[in-house]
Amino acid sequence: MKKFSLSSIVFFLLLALSSCKLMPREKEEAKKDEAKKTWWKEATVYQIYPRSFKDSDGDGVGDLKGIISKLDYVKSLGIDAVWLNPVYASPNKDNGYDISDYENIHPQFGNMADFDTLLKGFHDRGIKVMMDMVLNHCSDEHKWFREAKQSRNSPYYNYFHWWPAEKGEPPYRFSIFDEKGYGWEFNKATNSYYLHYFGDFQPDLNWENPQLRQDIYKMMRFWCDKGVDGFRMDALAFISKDTTWPAELPAEYKGSWPMYYASGPHLHEYIQEMNKEVLSRYNLATVAEAFGDIPRVKKFVDEDRKELNMAYHFEAIDFGYLPGEYKMQDPKGYDLAQWKQIFTKWDSAFLDKGWGTIYLANHDQPRMLTRWGNDTPEFRDYSSKLLTTFILGMRATAFYYFGDEIGMNNIKFDRVEQYNDVELLTNYEQVKARGGDLKRFLEGMKISSRDNGRTPMQWDTTVNAGFGAGKPWLPVNGNYTTVNVAAQDKDPNSVLNYFRAMQKLRKENEVLIYGKVTLLDKDNPAVFAYTREWKGKKWLVLLNFKDKVTTVKTGLDLSKASVKIHNYPTASVDGTLKPYEAVIVEL
Ligand code: ISL
């Protein structure tokens with residue numbers, strides 16, 4: 001073995017020490033940044049609403065075999081993961097969010113063998129699969145509830161929240177999907193009321209009961225053992241309740257019931273337990289529907305707390321509705337300057353801990369083009385592309401709703417009979433019961449109702465837009481003859497091919513994923529402008545959200561800017577933006 005002299009050892013030691021001292025702080029930071037990278041931070045998650053994607057057997061309802069027939073299409077989008085809305089056995093009163101058997105597939109969607117084929121099909125194409133987990137409630141047809149409602153002595157009675165009738169009327173609780181807006185339902189056999197924050201067919205599960213929790217974890221492990229890659233956790237913030245059941249909500253929650261209902265005393269204890277029992281044992285991506293302000297939402301995703309990876313908030317998506325009314329959009333439109341502040345505030349919330357999400361639509365929302373863009377023939381393409389640029393141009397895991405990649409827009413039903421959604425129908429009854437203006441309500445719903453986002457996917461110009469041979473469960477939007485996948489696939493300038501290009505740009509450039517976001521010209525009422533900075537690169541995103549030519553003051557030298565993507569045939573890089581123009585440049 002070669003011997004070193006003492007002096008050479010001292011020399012090397014000094015050299016090592018000095019290089020440590022000299023290591024710039026940025027280098028340390030960069031190292032930390034590298035360590036924080038994960039696939040799900042870099043992912044675009046494409047949400048598939050199975051009922052509406054593709055119907056293989058002609059019964060009018062989309063199914064797993066239908067999705068299987070479109071695997072290559074999904075792959076062609078360049079996305080990383082899919083989130084499947086619930087496909088479990090369910091009476092479907094809330095389209096699968098009322099689960100009667102968590103470990104089986106609804107026959108309308110297919111069977112477990114179809115699911116396994118689907119999972120393999122996605123995995124073979126390098127796409128991860130996230131399942132929807134509905135853990136706050138199940139269906140009243142679930143075995144647990146069918147048994148529980150028979151007798152107070154049933155082993156399942158304590159799987160639910162009950163108020164014994166001998167104590168009188170239960171303390172008022174609101175229900176989102178109840179015509180009377182009342183969250184307790186009387187059950188004769190047990191002479192008690194059960195709690196349901198959602199429909200009366202969706203009894204809330206009692207997470208206080210350790211046996212229930214163990215059954216839930218076991219069921220989650222069943223799916224993990226199959227190889228699913230993650231969970232989107234429905235209404236998770238509601239699982240823990242204040243079971244002292246005060247008649248009056250504490251003063252700080254008056255007028256803001258969801259906060260109170262959604263932040264029970266044991267919420268994070270249960271999520272940590274779930275992490276220990278399930279999540280930490282697999283390599284999963286998890287995202288919760290989390291209600292509340294930044295400090296509350298951060299708790300779900302702070303890595304040190306060992307809970308979940310991501311959460312999505314509602315502040316941006318609920319923006320622009322008239323206060324105190326159910327989803328009535330302000331006729332004046334939405335104030336872009338305030339909306340920008342919401343996004344940048346949430347972006348900086350996760351600078352040190354956690355990670356954000358971004359979305360402009362999902363199955364609980366109308367089409368993003370109608371709500372946040374402009375669905376007139378003149379501007380539909382430009383504004384669809386603009387919204388895509390925005391979603392994929394921010395720092396957050398992007399959740400992108402099927403159909404938005406071809407610019408589908410709201411169907412805008414005229415009559416209440418045309419709707420299917422339990423939420424709309426119960427709200428309609430509530431307005432009717434208080435003698436409200438039903439015409440105004442239905443006008444408002446053309447913009448905001450959930451069914452607008454649930455119409456069948458528009459594949460081509462054949463019958464039912466190529467969705468399936470049978471009459472679809474919700475009508476197809478009449479514009480399918482021009483707005484469809486087949487036409488856009490062939491057109492290099494289509495909304496669809498723009499989505500693919502934008503997704504590719506994001507994948508190939510970390511600056512769009514991890515780059516720091518700095519809002520520019522923040523009071524500009526028409527333009528969302530921001531820079532992204534990462535490892536010495538600086539990119540500028542310019543988005544004109546209005547239908548007029550406008551200007552933006554970035555304070556930056558744009559003379560040498562090189563265009564990375566744009567939604568008009570030629571890009572403006574002179575501070576002027578055409579209606580709905582979107583452009584990303586490298587500075
Ligand atoms: O949809 C909403 C507003 O229109 C929300 O208030 C929604 O009810 C809430 O986000 C919870 O949603 C989830 O659970 C519901 C289900 O109907 C939704 O589809 C689901 O996303 C009940 O399970």
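Small disclaimer: the values here were computed from a predicted structure and weren't measured.

Q: Got a minute to help me understand the site of the ligand in this structure?
A: What surrounds the ligand is a group of 17 residues, the closest being Asp94, Asp234, Glu289, Lys327 and Asp364. Contact distances for the ligand include 2.9 Å between an oxygen atom and a side-chain N or O atom of histidine 363. Here an oxygen atom of the ligand and a side-chain polar atom of arginine 450 are 3.1 Å apart. When isolated, the ligand has an accessible area of 490 Å², and the protein chains bury 93% of it. Taken atom by atom, the bulk of the ligand overlaps the largest pocket. Its residues assigned to classes, the shell around the ligand comprises five nonpolar, three polar and nine charged.

Q: Please explain helix H16 (residues 438-448) as it appears in this structure.
A: A turn of α-helix holds 3.6 residues, and therefore any two residues three or four places apart point the same way. The complete set of buried residues in H16 reads Phe441, Leu442, Gly444, Met445, Lys446 and Ser448. In this structure, the buried residues of H16 make contact with helix H15 (422-433). The N-cap residue of H16 is aspartate 437: its side-chain oxygen and the backbone nitrogen of lysine 439 are 3.2 Å apart.

Q: For this particular structure, what's the right way to read the packing of aromatic side chains?
A: One pair of aromatic rings is described through two measures. These are the centre distance and the angle between the planes. Under the criterion given, the structure shown has 57 aromatic pairs. Between the aromatic rings of phenylalanine 115 and tryptophan 223, the centroid separation amounts to 5.1 Å while the plane-to-plane angle is 80°, which identifies the pairing as edge-to-face. Residue phenylalanine 115 is found in helix H6 (residues 112-124), and its partner tryptophan 223 is found in helix H8 (residues 210-226); the two are separated by 108 residues along the sequence. Assessed through its relative accessible area of 0%, phenylalanine 115 is described here as buried. Taking the centre distance of 4.8 Å and the plane angle of 70° together, the rings of phenylalanine 145 and tyrosine 194 count as edge-to-face. With phenylalanine 145 in helix H7 (residues 143-148) and tyrosine 194 in strand S8 (residues 192-195), the pair connects residues that are 49 residues apart, well separated along the chain. Take phenylalanine 145: its relative accessible area is 2%, and that puts it in the buried class. Judged by relative accessible area, which is 7%, tyrosine 194 ranks as buried.

Q: Is there a simple way to think about the sheet that holds strand S12 (residues 357-358) in this case?
A: Note on sheets: strands pair through backbone hydrogen bonds, and any given pair is parallel or antiparallel. Within the open sheet, the eight strands sit side by side as S11-S10-S9-S5-S2-S1-S13-S12. Their pairing is parallel. The sheet is open, and its two edges are formed by strand S11 (310-312) and S12, each paired on a single side.

Q: Looking at this structure, how should I read the domain arrangement of the protein chain?
A: By a widely used convention, the size of an interface equals the accessible area lost when the partners come together. Structurally, the protein chain comprises domain 1 (38-136 + 210-505), domain 2 (143-195) and domain 3 (515-586). The straight-line distance from the C-alpha centre of domain 1 to that of domain 2 is 29 Å. Facing the 23 residues of domain 1 at the interface are 16 residues of domain 2. Each partner contributes to the roughly 1700 Å² buried at the junction of domain 1 and domain 2, and carbon and sulfur atoms together form 65% of this total. Contact with domain 2 buries area across many residues of domain 1, yet Trp245, Tyr261 and Gln430 alone supply 34% of it, more than any other trio. Where domain 1 touches domain 2, the interface holds zero salt bridges. Inspection of the region where domain 1 meets domain 2 yields four residue pairs in polar contact (both at pLDDT 80 or more). Sort the elements by how many residues they give to the side of domain 1 that touches domain 2 and H15 lands first, with six residues.

Q: It is not clear to me how unusual backbone geometry should be interpreted in this structure. Could you clarify?
A: Residues other than glycine predominantly adopt negative phi, and peptide bonds predominantly adopt the trans conformation. Here asparagine 95, not a glycine, exhibits a phi torsion of approximately 45°, which is positive. What makes asparagine 95 buried here is its relative accessible area of 7%.

Q: Explain the layout of surface pockets to me, please; I cannot follow it from the model alone.
A: A probe matching the size of a water molecule, rolled over the atoms, marks out where space remains unfilled. A volume near 1500 Å³ is recorded for the largest pocket. Taken together, 44 residues line the largest pocket, and the ones lying closest to its centre are Trp257, Pro258, Asp318, Tyr326 and Lys327. The set of elements that each furnish at least two residues to the lining of the largest pocket consists of helix H9 (257-261), H15 and H16. Counting residues per element, the lining of the largest pocket draws most heavily on H15, at four residues. For the lining of the largest pocket, the two domains that each supply at least three residues are domain 1 (38-136 + 210-505) and domain 2 (143-195).

Q: What am I meant to see in empty space enclosed by the protein here?
A: Throughout the structure, instances matching the rule amount to two cavities of 30 Å³ or more. Looking at the largest cavity, its volume works out to about 210 Å³. Together, 16 residues line the largest cavity, and His313, Trp346, Thr357, Ile358 and Ala396 are the ones closest to its centre. Among the elements of the structure, helix H12 (336-349) and S12 are those that each provide at least two residues to the lining of the largest cavity. Considering each element in turn, the lining of the largest cavity owes the most residues, three residues, to H12. Of the residues assigned to the lining of the largest cavity, the class counts are eleven nonpolar, three polar and two charged. Taken as a whole, the second largest cavity spans an internal volume of roughly 40 Å³. Along the walls of the second largest cavity sit Gln47, Trp83, Tyr312, Tyr359, Ala361, Asn362, Phe399, Tyr400 and Tyr401, which together make up its complete lining.

Q: Hey, could you run me through helix H10 (residues 267-277) in this one?
A: Within H10, the full set of buried residues consists of Leu267, His268, Tyr270, Ile271, Met274, Asn275 and Glu277. Elements that come into contact with the buried residues of H10 comprise H8, strand S9 (230-234) and helix H11 (294-301).

Q: Is there a simple way to explain the side chain of serine 449 in this structure?
A: Its place among the elements puts serine 449 in the loop between H16 and helix H17 (485-490). Take serine 449: its relative accessible area is 1%, and that puts it in the buried class. Here aspartate 451 takes part through its backbone nitrogen, which lies 3.3 Å from a polar atom of the side chain of serine 449. Apart from the residues within four sequence positions on either side, serine 449 is in contact with Gln365, Pro366, Tyr419 and Leu424.

Q: I would appreciate a short explanation of the pairing of strand S7 (residues 184-187) in the present structure.
A: Moving residue by residue along a regular strand, the side chains alternate between the two faces of the sheet. Bridge count between S7 and S8: four bridges; the pairing is antiparallel. Bridging from a neighbouring strand, phenylalanine 186 pairs with tyrosine 193 of S8. Between S7 and S8, which pair antiparallel in sequence order, lie four residues; one of them, asparagine 191, sits at a positive phi of approximately 50°.

Q: Looking at this model, I keep getting lost on the packing of H11 against H12. Mind explaining?
A: Relative placement of two packed helices is described by the angle separating their axes and the distance separating the axes. Following both chains from N to C, one finds H11 and H12 inclined at 40°, their axes separated by 11 Å at the closest point. Between H11 and H12, the crossing angle belongs to the class labelled oblique. When you trace H11 past H12, the crossing you get is right-handed. Two secondary-structure elements touch here, H11 through Ile294, Val297 and Lys298 and H12 through Lys345, Trp346 and Ala349. For the contact of H11 with H12, the per-class residue count stands at four nonpolar, no polar and two charged.

Thresholds, definitions, all that
Sequence order as written defines residue numbering, which begins from 1 separately in each chain. Restriction of local features to residues with pLDDT of at least 70 applies here, the model being predicted, together with a cutoff of 80 or more for giving and counting side-chain atom pairs; totals for whole chains, interfaces and linings are based on all residues. Note that water and hydrogens are dropped before the side-chain values are worked out from all heavy atoms of the structure. It suffices for a single heavy atom of a residue to lie within 4 Å of a molecule or strand for the residue to be listed as near it. By the criterion applied in these results, polar contacts are pairs of N or O atoms within 3.5 Å in which, for protein atoms, one can donate a hydrogen and the other can accept it, and in which residues neighboring in sequence qualify only through two side-chain atoms. Only the protein chains shown count as cover for residues, and the accessible areas themselves come from Shrake-Rupley with a 1.4 Å probe. Both site types are read off a 1 Å grid over the protein atoms alone. A 1.4 Å probe that fits but cannot get out defines a cavity, while an open set with protein on both sides within 12 Å along at least five of seven lines defines a pocket; lining residues have an atom within 4 Å of a point. Each molecule is checked against the cavity or pocket grid, and it sits inside if more than half of its atoms lie within 2 Å of the grid points. All amino acids are sorted into three groups, where Ala, Val, Leu, Ile, Met, Phe, Trp, Tyr, Cys and Pro are nonpolar, Asp, Glu, Lys and Arg are charged, and the leftover types, Gly among them, are polar. We call a residue buried when its accessible area falls under 20% of the maximum for its residue type, exposed when it is over 50%, and partly exposed in between, using a 1.4 Å probe and counting protein chains only. The helix and strand labels rest on DSSP assignments: H or I over at least four residues marks a helix, E over at least two residues marks a strand, and numbering proceeds from the N terminus. Note on contacts: a residue pair is in contact if any heavy atoms of the two residues lie within 4.5 Å. Aromatic pairing here means that ring centres of Phe, Tyr or Trp (its six-membered ring) are within 6.5 Å. Orientation follows from the plane angle: under 30 degrees is stacked, over 60 is edge-to-face, and everything else is tilted. Strands qualify as paired when DSSP identifies two bridges or more between them. Boundaries of every domain are those given by an automatic assignment or by a domain database. Buried area is a sum: the accessible area each of two parts loses on coming together, probed at 1.4 Å, counted once for each and added. A pairing counts as a salt bridge when a side-chain nitrogen of Lys or Arg comes within 4 Å of a carboxyl oxygen of Asp or Glu. Grid points are joined across faces, edges and corners, and a volume is the space filled by probe spheres set on the points. Interaxial angles span 0 to 180 degrees and are taken between N-to-C directions of axes, which are lines fitted to C-alpha atoms, for helices over the stretch in contact. Working definition: roughly parallel below 35 degrees, roughly antiparallel above 145 degrees, roughly perpendicular at 65 to 115 degrees, and oblique for all remaining angles. Each crossing gets its hand from how the near helix is turned against the far one by less than a right angle, where anticlockwise is left-handed and clockwise is right-handed.

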